[in-house]
Amino acid sequence: MTEHAIDRGRAGRAAIDGRAAARRWSGLAWRQYRLERKMFWRNPSAAFFNFLLPLLFLGFFGALLHNRLRDLQVIVPGIAGMSVMSTTFNALAFNITALRELGILKRIRGTPLPTSAYLAGIAGNAVTNTVLQITIISVAGHVVFGLDWPNQLLSLAFFVALGVVCFASLGVALSHAIPNFDAAPAYVNAAFLPLIFISGVFYDSADAPRVIKDAAEALPLKHLIDGLSGAMVHGEGVGQHLVAALVLAIWGAAGLILAVRGFSWESRND
Amino acid sequence: MTAIEVRGLQKTYGEREAVRGIDFDVRRGEVFGLLGPNGAGKTTTVEILEGYRARSGGHVAVLGHDPAHRDPDLRARVGIVLQSSGIYQYLTVRESVAHWAGFYPAPREVDEVIGIVGLEDAGEQRANKLSGGQKRRLDLALALIGDPELVFLDEPTTGFDPAARRAAWDTIRSLRDLGKTVLLTTHYLDEAQALADRVAIIKDGRILAEGPPAALGAGSGRSLISYRTGDGPPRTHETDDPTALLHELTAAALARGERLEDLSVARPSLEEVYLELTAEASE
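Please read these numbers as outputs of a predicted model, since none were measured by experiment.

1. Let's talk about the overall build of chain B
Check the secondary structure of chain B and you find ten helices and twelve strands. A principal-axis box enclosing the C-alpha atoms of chain B has dimensions of 75 × 45 × 35 Å. Scored against the burial criterion, the 283 residues of chain B give a buried share of 38%.

This is how it looks when you write it as C-alpha cells:
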C-alpha cells in the first residue's frame, strides 16, 4: 500500500469515528433533553413560575385592556419579552444553582457524559419553553385580543434567538453569584422585577421618566421588547432595530464570558 | 496488578497543607480502606483520584490513567459514590438508574443493579420520597450501573443506623465478590476492620500506618498482658517481650501466694493502634 492510500485509509477511519462520535453526542444530548422535559413538568413550582406566570399576566392585562388596541400592542410584545427572560434567565439561574447545590452537577461530572451534551440538554429545555410561550402569546394576541398575526416572522425568530442567547448566558452567569439555593429567588427577582418594570413590559417605555428611560436603554430587556414589538406589531424587520440587536449582542457576549469563566461544578460550602 | 498508584501526593489549599506527600497502592480486586478522623485528608485524596481536584505535587495513576486529564475512557471504568448525594428529586429510582445507564458504553442491567443495592421494592418511588439510607443505596446503584472496574466510596455509611450499616456492608462485600476494586474512606474503625483487605491510617495529611487490619495490630510487635489480683482493679502491662514479662508476673504472684485472675495476653486491636497513632500525631 502506498503512503497516500494509508493516509486516505486513516482519514476515512477518522471520518467514520468522527461521525459515530457526533451521533453518540447528539443521542446523549437528546436523552438529556427528554429527561429535562419530563422533570420540568413534574416540578410544579418550576412549571408555574417559568410557564404559567407570564400567561397569567397576559390574561390579566388582556382582560383589563381589552378593546384598547394601542395598549394591547404594547403589552403583548412586552409580555413576550418578559417570557423570553423568565424562561431562560430566571429558569437557568434557578436550575444551575439548584443542580450545583444539590451535588447533581458534581455527580454528572464523574460520569462519561460529555459536558457539552449535558448542557445542551439543559439549554434545550429552556429554549423549548421560550418557543412554546412565544407561540402561545402570538396566538392569544391574535385570537383573543384581535391583534394582527406577527408579520415579520424572520425578525421575530431573530430577536427571540438573540434574546435567548443573551438572557440564558446572563442567567448562568448570575447563578455563579448566588451563594446557596435559598438565596436564589432573592437574587433572581432583584434582577428580574426591576428590569420588567423599567423596560416597558406593562407600559410604553416612551412614556417613562428620563432616569428610568436611560437605565432601560443601557439594559437588554427594553431592546429585546423593541425588536419583538417591531416584528410582532409594527411590521419592522431587523434592519430597523440594529441598535437593539447590537445591545443584546454585547450583553450576550459579556454574559457568555462570565457564564463560562465562573462556572463551578460543585457547591463552595463543601 | 495495581489499580491505583499514589506517590508523594501533595495538595495545598493556599497556606493549608491538606495532603503532605502520601504513598499507597491499591491492588486490583481488593477493598482498600482509607481510615482517619474528620479533616485528615481522606476526601481530598479521593477527589484527586476521582479527577475532581488538581493535585499540587506527586504522581497518581488510576487504572493506568492520570485522573487530572479527565479522560472519558477512564470515567467509563470508574464508579463514584460521593459524600453528599445529589439526585434528581422528581425521577423514580428506576428512571434515574436507566438514565445513568445511557452514559456508559457497556452498562449492567437496570433491574440487576437495583437488586444488588437492595432497592427492589422502591423502584417506582421518586427520589424525594426515599429515606436517607435508600438514597445512599441509589447513589451506589448510579455508581455501579456502568459496570465499573473500580468503585470509590467516600464515607458510605456516615449517618446510618446500625441495621442500615450492616446492610450496606453486605452490599460492599458483594462488590468484592463481583471482582470490583474498592477504595473506601471511613472514620469508623469497625467499618475498616469489617470490610477492608488493607487499610491506610491517615491523619493530618500523612499516612501513619498501612497494612491488613489484623497485621496493623499485630505488626506493632507489642503485646498487652492484663490481669486482676484479689479484689484489686484490672491492670494492663504493655511489652515487647511477653514471655519474660509473663514469667516475672506469674513468679511474683506465686511467691506472694496470689492468683492472677482473668489473665490474658493479647495483641493490640486495630482500634488501639489507631487511637495511639492518631493521638501521637496530634501532640
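Moving on from the model shown.
2. Here's the deal with the overall build of chain A
Looking only at helices and strands, chain A features ten helices and zero strands. Along chain A, from the amino end to the carboxyl end, the secondary structure elements read α-α-α-α-α-α-α-α-α-α. Dimensions of chain A, computed from C-alpha atoms along their principal axes, come out at roughly 80 × 50 × 35 Å. The burial tally for chain A puts 42% of its 270 residues in the buried class. Long-range contacts, defined as pairs at least 24 residues apart, comprise 82% of the intrachain contacts of chain A with a sequence gap of at least 6.

3. Side note on helix 6 (residues 153-177) of chain A
For helix 6 of chain A, which comprises 25 residues, the first-to-last C-alpha distance of 36 Å matches the rise-based estimate of 36 Å (1.5 Å per residue) to within 8%. Taking burial as the measure, the 25 residues of helix 6 of chain A include 18 buried ones, the bulk of the element.

4. Overview of the sheet that holds strand 11 (residues 235-239) of chain B
Residues and elements named next belong to chain B. The three strands are arranged 11-10-12 in an open sheet whose pairing can be described as antiparallel. Looking along the sheet, the strands with just one partner apiece sit at the ends: strand 11 and strand 12 (260-266). Strand-to-strand twist across the sheet, computed as the mean angle between neighbouring axes with direction ignored, equals 15°. In the sheet, strand 10 (residues 223-229) pairs with strand 12 via five bridges, with the strands oriented antiparallel. Note on strand 12: the bridge partner recorded for Thr229 is Leu260. Each of strand 10, strand 11 and strand 12 is contacted by helix 9 (residues 242-256), which is oriented at about 10° to strand 10, the strand it contacts most.

5. Re the sheet that holds strand 2 (residues 16-27) of chain B
Residue and element names in this part refer to chain B. Spatially, the three strands line up as an open sheet ordered 2-1-4, and their pairing is antiparallel. The open sheet has two edge strands with one neighbour each: strand 2 and strand 4 (57-62). Pairwise comparison of adjacent strand axes, ignoring direction, gives a mean angle of 15° for this sheet. As paired elements, strand 1 (residues 2-13) and strand 2 share nine bridges and run antiparallel to each other. Residue Gln10 lies in a different strand from strand 2, and its bridge partner there is Arg20. Helix 1 (residues 42-50) rests against strand 1, strand 2 and strand 4 of the sheet, and its axis sits at about 120° to strand 1.

6. So, the packing of helix 3 (residues 93-101) of chain B against helix 5 (residues 132-144) of chain B
All names here are of chain B. Orientation of helix 3 relative to helix 5, taken along the N-to-C sense of each, is 25°, at an axis distance of 9 Å. The orientation of helix 3 with respect to helix 5, classified from their angle, is roughly parallel. Crossing angle aside, the handedness with which helix 3 passes helix 5 is right-handed. Across the interface between the two elements, Val93, Ser96, Val97 and Trp100 from helix 3 touch Leu138, Ala141 and Leu142 from helix 5. For the contact of helix 3 with helix 5, the class distribution of residues is six nonpolar, one polar and no charged.

7. Structural notes on the interface of chain B and chain A
Listed as interface residues are 17 residues of chain B and, on the opposing side, 15 residues of chain A. In terms of residue count, the dominant contributor to the side of chain B that touches chain A is helix 2 (residues 72-76) of chain B (three residues). Counted by class, the side of chain B that touches chain A contains ten nonpolar, five polar and two charged residues.

8. Focus on unusual backbone geometry
Residues and elements named next belong to chain B. Backbone geometry at Leu63 places phi at a positive 50°, although glycine is not the residue there. The residue Leu63 is located in the loop between strand 4 and helix 2 in this model. Look at Leu63 and you get buried, because 20 C-beta atoms sit within 10 Å. If you check the backbone angles, Asp262 has positive phi at about 50° while not being a glycine. With respect to the secondary-structure elements, Asp262 resides in strand 12. Overall, the presence of 8 C-beta atoms within 10 Å leaves Asp262 in the exposed class.

9. Overview of the environment of A:Glu236
All names here are of chain A. By the element assignment, Glu236 lies in the loop between helix 9 (220-234) and helix 10 (242-261). Judged by the 17 C-beta atoms lying within 10 Å of it, Glu236 is partly exposed. It is 10 Å that separates the C-alpha atoms of Glu236 and Pro150, two residues lying 86 residues apart in sequence.

10. Topic: the confidence of the model for chain B
It should be kept in mind that the predicted coordinates are not to be read in detail where pLDDT is low. All names here are of chain B. For chain B, the average pLDDT comes to 88, and 96% of its residues sit at 70 or higher. The element-level mean pLDDT for chain B is lowest in helix 10 (residues 270-282), coming to 69, with helix 3 highest at 97. Overall fold confidence for the complex sits at a pTM of 0.83, while the interface term, ipTM, reaches 0.84.

11. A few points about the pairing of strand 3 (residues 31-35) of chain B
Residues and elements named next belong to chain B. When you tally the buried positions in strand 3, you get five out of five residues, the bulk of the element. Residues Val31, Gly33 and Leu35 line one face of strand 3 and the alternating positions Phe32 and Leu34 line the opposite face, and both faces are buried. The sheet contact formed by strand 3 and strand 7 (residues 181-186) spans five bridges and is parallel. Counterpart to Val31 in the pairing with strand 7 is Val182.

12. Some words on the packing of helix 9 of chain A against helix 10 of chain A
All names here are of chain A. The contact between helix 9 and helix 10 brings their axes to 9 Å, and the two run at 140°. Between helix 9 and helix 10, the angle falls in the class oblique. In terms of crossing hand, the pair formed by helix 9 and helix 10 is left-handed. Mapping the contact onto sequence places Pro220, His223, Leu224, Asp226 and Gly227 in helix 9 and Ala244, Ala245, Val247, Leu248 and Trp251 in helix 10.

Rules behind the numbers
- Residues numbered from 1 in each chain as written.
- Chains lettered and ligands numbered in written order.
- Predicted model: local features only at pLDDT ≥ 70, side-chain atom pairs only at ≥ 80, totals over all residues.
- Helix = DSSP H or I, 4+ residues; strand = E, 2+ residues; numbered from the N terminus.
- Buried ≥ 20, exposed ≤ 12 C-beta atoms within 10 Å, placed from the backbone.
- Contact = placed C-beta atoms within 7 Å.
- Expected span 1.5 Å × (residues − 1).
- Pairing = 2+ DSSP bridges.
- Axes fitted to C-alpha atoms, helices over the stretch in contact; angles between N-to-C directions.
- Parallel < 35°, antiparallel > 145°, perpendicular 65-115°, else oblique.
- Left-handed = near helix turned anticlockwise from the far one by under 90°.
- Nonpolar A, V, L, I, M, F, W, Y, C, P; charged D, E, K, R; others polar.
- pLDDT = per-residue confidence, 0-100.

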